[in-house]
Amino acid sequence: MKKILVIGSSTIDMVVKADKHPLPGETVLGGNFLMNPGGKGANQAVAIARLGGELTFVTKVGNDVFGKRIIEGFRKENMQTDFVFVDEDNPSGAALIMVNAAGENCIVVAPGSNANLWMSDIEQVQNITTAAFILMQLEIPIETISIIAKNAKINHQKVILNPAPAQHLSNELLQGLYLVTPNETEAAILTGISVTDDASADQAAGYLLNKGVKNVIITLGKHGAYFKNKELSFKVMAPEVQALDTTAAGDTFSGALTVALTEGMNWQKAVRFAVEAASISVTRMGAQASVPFRHELSY
């Protein structure tokens, strides 16, 4: 099986579920409080581990109680922690998450140690060039991401970027990407095109292809996902489920998709696999806690 390198963030998520998200200045009485491991990089790494991918995960935590809890969680997932670096000067990252009655979330992230995952750390990772796929997100420094993507292009490695939280990306970075996986909001920020239906999803994907990205998947929440490259375009519908919490659905999708690609699935099968995994995740509370295991998927 081809190797996967995930480079990204780890946080502790603090989650409150309430009927609605508060308006500015409003206090809303919520329900249960949950505290569990999260962070886009860690969520995607856990998804890969649970779905059977050959994983190396690179992240950075603080030398604090949260950092220790994060590392303990990775070990429980049977993930190697050789390249979980410890920041002695900054706390671990934390995310404050509010989930409404429809399962929709709003999130504020304090990056903490994630903002200090630099190339000096990455250079300590052994056999970095042996990974067939490198999966990254945007909760670590963009400078680190750009250098990794540039080096990966030279080494003929395939870079998958989940561009979240969305920010401006340079043309140079986009030109080196094998795949980007934005949701509708992130696609609109990246392209300036409001994604409201299949036609606008196709237009936004085409914009990114013209920037040099080889493949684009725009995730559409309960409506599935839209794929496009220079030769092919299609949509995969999501099964109807009762959503409890959409936190980490996109991360589950990205992790599952990467596993599918390392197993040689074609694009249609890989996207169906990822949509199914993400659809299971939204029926459960939490980030990593919601990620399904391989036996729960149909293939």
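Residues numbered from 1 in each chain as written. Predicted model: local features only at pLDDT ≥ 70, side-chain atom pairs only at ≥ 80, totals over all residues. Heavy atoms only, no water.

Considering the side chain of Gln288
Item 1. Position of Gln288 relative to the elements: it lies in the segment after α9 (267-281).
Item 2. Not counting residues up to four positions away in its chain, the partners in contact with Gln288 are Pro37, Gly38, Ala42, Asn43, Val46 and Arg50. (Helix = DSSP H or I, 4+ residues; strand = E, 2+ residues; numbered from the N terminus. Contact = heavy atoms within 4.5 Å.)

What to know about the pairing of strand β13 (residues 233-236)
Each regular strand shows side chains that alternate between the opposite faces of the sheet.
Item 1. Only one face of β13 is buried, namely the one carrying Phe234 and Val236, since none of Ser233 and Lys235 on the opposite face is buried.
Item 2. Alignment of strand β12 (residues 225-228) against β13, held across four bridges, turns out to be antiparallel. Note on β13: the bridge partner recorded for Lys228 is Ser233.
Item 3. Here β12 folds back onto β13, and the loop between the two strands holds four residues. (Buried < 20%, exposed > 50% of the residue type's maximum accessible area, 1.4 Å probe, protein only. Pairing = 2+ DSSP bridges.)

Topic: the sheet that holds β13
In any sheet, the strands associate via hydrogen bonds between backbone groups, in a parallel or an antiparallel arrangement.
Item 1. With mixed pairing, nine strands are arranged side by side in an open sheet as β5-β4-β1-β8-β9-β10-β11-β12-β13. Unpaired on one side and paired on the other, β5 (84-87) and β13 mark the two borders of the sheet.
Item 2. Strands in contact with helix α2 (residues 65-76) are β4 (54-62) and β5; relative to β4, the strand with the most contacts, it is inclined by about 170 degrees.
Item 3. On the sheet, α9 packs against β10 (179-180), β11 (215-219), β12 and β13 and is oriented at approximately 25 degrees with respect to β13. (Axes fitted to C-alpha atoms, helices over the stretch in contact; angles between N-to-C directions.)

Considerations on unusual backbone geometry
Item 1. Geometrically, the link from Ala164 to Pro165 is a cis peptide bond, its omega value of -10 degrees lying close to zero.
Item 2. Of note, the phi angle at Ala248 is positive, near 75 degrees, even though the residue is not glycine.
Item 3. Looking at the element boundaries, Ala248 is found in the loop between β13 and α8 (249-262).
Item 4. The class of Ala248 is buried, set by a relative accessible area of 8%.

What about the packing of aromatic side chains?
Item 1. The tally for this structure, following the rule as stated, stands at seven aromatic pairs.
Item 2. Measuring from centroid to centroid gives 5.7 Å for Phe273 and Tyr299, while their planes differ by 50 degrees, and the two rings are tilted. With Phe273 in helix α9 and Tyr299 in the segment after α9, this pair connects stretches of sequence that are 26 residues apart.
Item 3. Taking the relative accessible area as the measure of exposure, Phe273 reaches 0% and is therefore buried. (Phe/Tyr/Trp six-rings, centres within 6.5 Å; stacked < 30°, edge-to-face > 60°.)

Points about the sheet that holds strand β3 (residues 33-38)
Item 1. Spatially, β3-β2-β6-β7 is the arrangement adopted by the four strands of the open sheet, whose pairing is mixed. Each having just a single partner strand, β3 and β7 (105-110) make up the two edges of the open sheet. Sheet twist, expressed as the mean angle between neighbouring strand axes with direction ignored, is 20 degrees.
Item 2. Of the pairings in the sheet, the one linking strand β2 (residues 11-17) to strand β6 (residues 93-99) comprises seven bridges and is parallel in character. Each bridged residue has a counterpart across the sheet, and for Ile12 the counterpart in β6 is Ala94.
Item 3. α2 rests against β2 and β3 of the sheet, and its axis sits at about 95 degrees to β2.

Topic: the packing of helix α1 (residues 40-50) against α8
Item 1. It is at 8 Å that the axes of α1 and α8 come closest, and there the two elements cross at 45 degrees. Classified by the interaxial angle, the pair formed by α1 and α8 is oblique. Note on packing geometry: the crossing formed by α1 with α8 is right-handed. Side by side, α1 and α8 meet where Lys40, Asn43, Gln44, Ala47 and Ile48 of the first sit next to Asp251, Thr252, Ser254, Gly255 and Val259 of the second. (Parallel < 35°, antiparallel > 145°, perpendicular 65-115°, else oblique. Left-handed = near helix turned anticlockwise from the far one by under 90°.)

Describing the pattern of salt bridges
Item 1. A complete count under the given rule lists nine salt bridges for this structure.
Item 2. Its salt-bridge partner being Asp198, residue Lys235 comes within 3.0 Å of it at the nearest N-O pair. Here Asp198 lies in helix α7 (residues 198-210) and Lys235 lies in strand β13, a separation of 37 residues in the sequence.
Item 3. Judged by relative accessible area, which is 34%, Asp198 ranks as partly exposed.
Item 4. Across the pair Glu296 and Arg284 runs a salt bridge, and its minimum N-O distance is 2.2 Å. (Salt bridge = Lys/Arg side-chain N within 4 Å of Asp/Glu carboxyl O.)

Quick look at the environment of Thr283
Item 1. Mapped onto the elements, Thr283 comes out in the segment after α9.
Item 2. C-alpha of Thr283 to C-alpha of Asp245: the two residues are 38 residues apart in sequence and 6.5 Å apart in space.
Item 3. Not counting the four nearest positions on each side in its chain, Thr283 is found in contact with Val241, Gln242 and Leu244.
Item 4. A polar side-chain atom of Thr283 sits 2.6 Å from the main-chain carbonyl oxygen of Ile280. (Polar contact = N/O pair within 3.5 Å; in protein donor to acceptor, adjacent residues only side chain to side chain.)

A few points about the pairing of β7
Item 1. For β6 and β7, the ladder comprises six bridges, and the chain directions are antiparallel. For Ile97, the partnering residue across the bridge sits in β7 and is Ile107.
Item 2. Adjacent in sequence and paired antiparallel, β6 and β7 are bridged by five residues, among which Gly103 carries a positive phi angle near 85 degrees.

Structural notes on helix α4 (residues 142-154)
Item 1. The end-to-end C-alpha distance of α4, which contains 13 residues, comes to 19 Å, matching closely the 18 Å that a straight helix rising 1.5 Å per residue would cover.
Item 2. Every buried residue of α4 is listed here: Thr144, Ile145, Ile148, Ala149 and Ala152. The arc that holds the buried residues of α4, viewed along the axis, is 125 degrees, so those residues lie on one side. Along α4, the residues that are exposed and aim more than 90 degrees away from the buried face are Lys150 and Ile154.
Item 3. In this fold, the buried residues of α4 make contact with β1 (3-7), α3 (119-122), β8 (133-136), β9 (158-161) and α5 (171-175). (Expected span 1.5 Å × (residues − 1). Arc of directions from axis to C-beta.)

That's the geometry; what it means functionally is another story.
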